[in-house]
Amino acid sequence: MRRWLSQHRAAFGRALRRLFAAPLNTLLSLLAIGIALTLPAFGYVALDSLRDLGRDASAVQQVSVFMEVGASKAEVAEIEQRLRAQPGVRTTFVPRDEALRRLKENGDMAEIVASLPRNPLPDAFIVEPRDTSPETLEALRAEFADWPRVAHVQLDAAWIKRFDAFLRLGKLALLLLAGLFGAGLIAVTFNTIRLQVMAQAAEIEVARMIGATDAFIRRPFYYFGALQGALGGLLAAGLVIGALRLLAGPVGELAALYGASFALHAPTLAEIGALAGVGAVLGWVGAQLSVSLSLRTFD
């Protein structure tokens, strides 16, 4: 075990030395990898922020249940009890007198409300489900509409479905983009490792002559590819954070013009680590393909 660990430690050290031996080439390779990972990473951050915006939108969270105007207090209490028994929802009761008072406080509606001979508004319930998927909201709307003395159930299902379809389309485009740039990252690592193998052909031949195994020869190249990919992932995270800081002001101003509060969320430490891990895995795959094909020329 100690020998195995020492061999891996030596291979890791050789990979580090190769990275710093040609700083310009390493920097250019890291830029290529970082840019390849930046676009999918930024797309993920943007979609995640939009998904949070959808959760915060009242139209997405709320289902409004309106009682019939002539419903008695006992009937309203029965509906309230059934709503509160629903799992995973939060229910708020809005009495008809409270709804009328809110209308009177609205300057545009005050004169109209004052001219009414009686309160025409019904008692209502605002239901906020924890699961805001379109299927769940539509199922709740259909269930509530069949209850007795319920006059109307309001849900902007069309808006929710359009927003959900947009998110699904964005996820598909992001997966395609990530696959495309992931293949580009593998290609960059493949060419870099292939050039290194060709440059060290004599050294590899001598190592084989004195009994070095293929695993011993391959190991430093694998570490080099993984290190290069991981550093490229960290560079991509830095580029994403920098872009988010530049866009924070304009995005906030645009959201304020629409009376909303919206901000692009910076990636967390776990997401930065995941991005570096993805880069390391893709770099390792590129190195493995390159070394496997290149060493065949020595057989």
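Being a predicted model, the structure only gives us computed values, none of them experimental.

A. Representation of helix H7 (residues 134–145). The end-to-end C-alpha distance of H7, which contains 12 residues, comes to 16 Å, matching closely the 16 Å that a straight helix rising 1.5 Å per residue would cover. Buried within H7 we find Pro134, Leu137, Leu140 and Phe144. One side of H7 holds all its buried residues, which, seen down the axis, span an arc of 130°.

B. Representation of the sheet that holds strand S1 (residues 63–67) in the model. Spatially, four strands are ordered S2-S3-S1-S4 in an open sheet, and the strand pairing comes out antiparallel. Pairing within the sheet leaves two strands with one partner each, and these edge strands are strand S2 (89–94) and strand S4 (150–154). If you compare each strand with its neighbour and ignore which way they point, the axes differ by 20° on average. H7 rests against S1, S2, strand S3 (124–129) and S4 of the sheet, and its axis sits at about 170° to S4.

C. Representation of the pattern of salt bridges in the model. Counted according to the given criterion, the structure contains five salt bridges. Between Glu75 and Arg149 there is a salt bridge, with its nearest N and O atoms 3.0 Å apart. Of the two residues, Glu75 is situated in helix H4 (residues 73–84) and Arg149 in the loop between H7 and S4; the sequence distance between them amounts to 74 residues. The partly exposed category is assigned to Glu75, whose relative accessible area is 26%. Glu80 is the salt-bridge partner of Arg84, the closest N and O atoms lying 2.9 Å from each other. In this pair, Arg84 and Glu80 both sit in helix H4, four residues apart, roughly one turn of the helix. By relative accessible area, Arg84 is classed as partly exposed at 48%. Linked through salt bridges whose partners overlap, the residues forming this network are Glu68, Glu75 and Arg149.

Calculation criteria
- Residues numbered from 1 in each chain as written.
- Predicted model: local features only at pLDDT ≥ 70, side-chain atom pairs only at ≥ 80, totals over all residues.
- Heavy atoms only, no water.
- Helix = DSSP H or I, 4+ residues; strand = E, 2+ residues; numbered from the N terminus.
- Expected span 1.5 Å × (residues − 1).
- Buried < 20%, exposed > 50% of the residue type's maximum accessible area, 1.4 Å probe, protein only.
- Arc of directions from axis to C-beta.
- Pairing = 2+ DSSP bridges.
- Axes fitted to C-alpha atoms, helices over the stretch in contact; angles between N-to-C directions.
- Contact = heavy atoms within 4.5 Å.
- Salt bridge = Lys/Arg side-chain N within 4 Å of Asp/Glu carboxyl O.

No statement about biological role is implied by the geometric values presented.
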